[in-house]
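# Commentary on secondary and tertiary structure
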Amino acid sequence: MLNGKTALVTGSTSGIGLGMAQALAAQGAHVMLNGFGDIEAAKAAVAQVATGGARVGYHGADMSKPAEIEAMVRACEAEFGAVDILVNNAGIQHVAPVEDFPVDRWDAIIAINLSSAFHAIRVALPGMKARGWGRILNVASVHGLVASAQKSAYVAAKHGIIGLTKTVALETATTGVTVNAICPGWVLTPLVQKQVDARAAAAGISEDEAKKQLLAEKQPSLQFTTPEELAGLAVFLCSPAANNLRGAAINMDGGWVAQ
Ligand code: NAD
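Okay, the nonpolar core next. Most often, soluble globular proteins have nonpolar side chains that are buried together. Counting residues in hydrophobic clusters, the biggest one holds 38 residues, and the most contacted among them are Leu8, Val83, Leu86, Ile121, Leu125, Met128 and Ile136. Within the residue set of this core, elements represented by two or more residues are α3 (66–80), α4 (103–131), α5 (152–171) and β6 (177–184). If one sorts the elements of this core by residue count, α4 sits on top with eleven residues. Excluding its chain neighbours within four sequence positions, the residues that come into contact with Ile136 are Leu86, Asn88, Ile121, Leu125, Met128, Val177, Thr178, Val179 and Asn180. Counting 32 residues, the second-largest nonpolar core is a separate cluster that includes Leu2, Val9, Ile16 and Val56.

Helical periodicity: at 3.6 residues per turn, an α-helix aligns residues three or four positions apart in one direction. Taking 1.5 Å of rise per residue, the 29 residues of α4 would be expected to cover 42 Å, and the 41 Å separating its terminal C-alpha atoms lies within 8% of that figure. At Ser115, α4 shows its strongest bend, of approximately 45°. Trailing α4 by a residue or two, Gly132 shows a phi angle of about 80°, which is positive.

Moving on to the environment of Gly52. Structurally, Gly52 can be placed in the loop between α2 (39–49) and β3 (56–59). Residues Gly52 and Ser239 lie 187 residues apart in sequence; the distance between their C-alpha atoms is 17 Å.

Estimated volume of the largest pocket: approximately 1,100 Å³. What lines the largest pocket is a set of 43 residues, and nearest its centre among them are Gly91, Ile92, Gln93, Thr189 and Leu191. Mapped onto the lining of the largest pocket, the elements with two or more residues apiece are α1 (15–26), α4, α5 and α6 (190–203). In terms of residues, the lining of the largest pocket owes the most to one element, α6, which gives eight residues. Of the residues contributing to the lining of the largest pocket, the split by class is 21 nonpolar, 16 polar and six charged. Two domains each provide a minimum of three residues to the lining of the largest pocket, namely domain 1 (6–185 + 225–251) and domain 2 (186–224). For the second largest pocket, the calculated volume is near 220 Å³. For the second largest pocket, the lining is made up of 13 residues, of which Ala149, Lys151, Gln195, Arg199 and Glu217 are closest to its centre.

Another aspect to go through is the packing of aromatic side chains. In this structure the tally under the stated criterion is one aromatic pair. A ring pair is formed by Trp186 and Trp256, whose centres lie 5.5 Å apart and whose planes are at 50°; its orientation type is tilted. Of this pair, Trp186 sits in the loop between β6 and α6 while Trp256 sits in the segment after β7 (249–252), placing them 70 residues apart in sequence. With relative accessibility at 5%, the residue Trp256 sits in the buried group. Geometry around Phe118 places Arg122 over its ring, the cationic atom sitting 5.7 Å from the centre.

In the vicinity of the ligand, 30 residues are found, and the nearest of them are Ser14, Asn89, Tyr154, Val187 and Thr189. Between the ligand and Ser14 there is a distance of 2.6 Å, counted from an oxygen atom to a side-chain nitrogen or oxygen. A distance of 2.7 Å separates an oxygen atom of the ligand from a polar backbone atom of Val187. Its free accessible area being 820 Å², the ligand has 93% of it covered by the protein chains. Judged by its atoms lying within 2 Å of the grid points, the ligand is housed in the largest pocket. Looking at the shell around the ligand, the elements that each hand over two or more residues are α1, α5 and α6. By residue number, the principal contributor to the shell around the ligand is α6, which donates three residues.

Cut-offs applied
- Residues numbered from 1 in each chain as written.
- Predicted model: local features only at pLDDT ≥ 70, side-chain atom pairs only at ≥ 80, totals over all residues.
- Heavy atoms only, no water.
- Core = buried A, V, L, I, M, F, W, Y, C linked by side-chain atoms within 4.5 Å.
- Buried < 20%, exposed > 50% of the residue type's maximum accessible area, 1.4 Å probe, protein only.
- Helix = DSSP H or I, 4+ residues; strand = E, 2+ residues; numbered from the N terminus.
- Contact = heavy atoms within 4.5 Å.
- Expected span 1.5 Å × (residues − 1).
- Bend = angle between axes of the 7 residues up to and from the residue.
- 1 Å grid on protein atoms, 1.4 Å probe; cavity = no way out; pocket = protein on both sides within 12 Å on 5 of 7 lines; lining within 4 Å.
- Points joined across faces, edges and corners; volume = space filled by probe spheres on them.
- Nonpolar A, V, L, I, M, F, W, Y, C, P; charged D, E, K, R; others polar.
- Domains from an automatic or database assignment.
- Phe/Tyr/Trp six-rings, centres within 6.5 Å; stacked < 30°, edge-to-face > 60°.
- Lys NZ or Arg CZ within 6 Å of the ring centre and 35° of its normal.
- Near = heavy atom within 4 Å.
- Polar contact = N/O pair within 3.5 Å; in protein donor to acceptor, adjacent residues only side chain to side chain.
- Areas by Shrake-Rupley, 256 points an atom, 1.4 Å probe, with all protein chains shown as cover.
- Sits in = over half its atoms within 2 Å of the grid points.

If you want it as structure tokens, here you go:
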């Protein structure tokens, strides 16, 4: 379905981004990966499911650095000819009360979870408009729609990225480029595993009990959303059925924000 298209997925060496990269490659899109950690394992995981001759590339841009983000978009265009699908997914978390929130963590979260999307969009959008087709998927969060205590920077960044999504959707409304946000609830990735571990350690409970408590507090389904489920939504947003789906923030959250 996506043969001949190229997807640039930020933060795709792990978790949700890796799941989305795999699903897009399985649909035949070339994929440019980005992120830290075990790069070779991520490349192999995506190559393994790629179809239709889809190729896998990698760029190590640090998403807190505007010049590196611009270089990554240009490298993707040089290697594959285009950025047709841009998934702004890279993100980090830090949990602390606002008066104790480390200033450097605030700055890093705003840079990586919010400003990085602005920089990638501003560089990739002209090419999409010129080609008359594009998909921009911003991985926000339920925390783009509602807040939780101790997550001031994350909630501010995620509310911001939904605002950015709506604005760019309006600016592209008469074009073949659509812009939407995906809002997951709890997904059991390394980002959330840290919060599970912290809860287990603080309360002196097992990891399993900590997971149960985490879900029971916020997510009525009592099930984690999976990267595969979110990747299915990403593929749908790239399909012709989603041609006029614009400026939406779609929550896939086990009922979290329905409460
Ligand atoms: P993860 O920790 O598994 O993956 C994060 C990815 O971002 C990794 O590939 C990492 O290397 C990359 N990354 C981090 N800092 C980077 C930087 N400076 N430059 C480049 N890459 C960087 O986390 P995840 O849970 O898969 O999170 C992915 C996105 O989903 C994030 O935006 C997160 O806020 C969002 N999200 C996650 C959940 C959840 O429950 N896990 C819920 C809602 C939203």
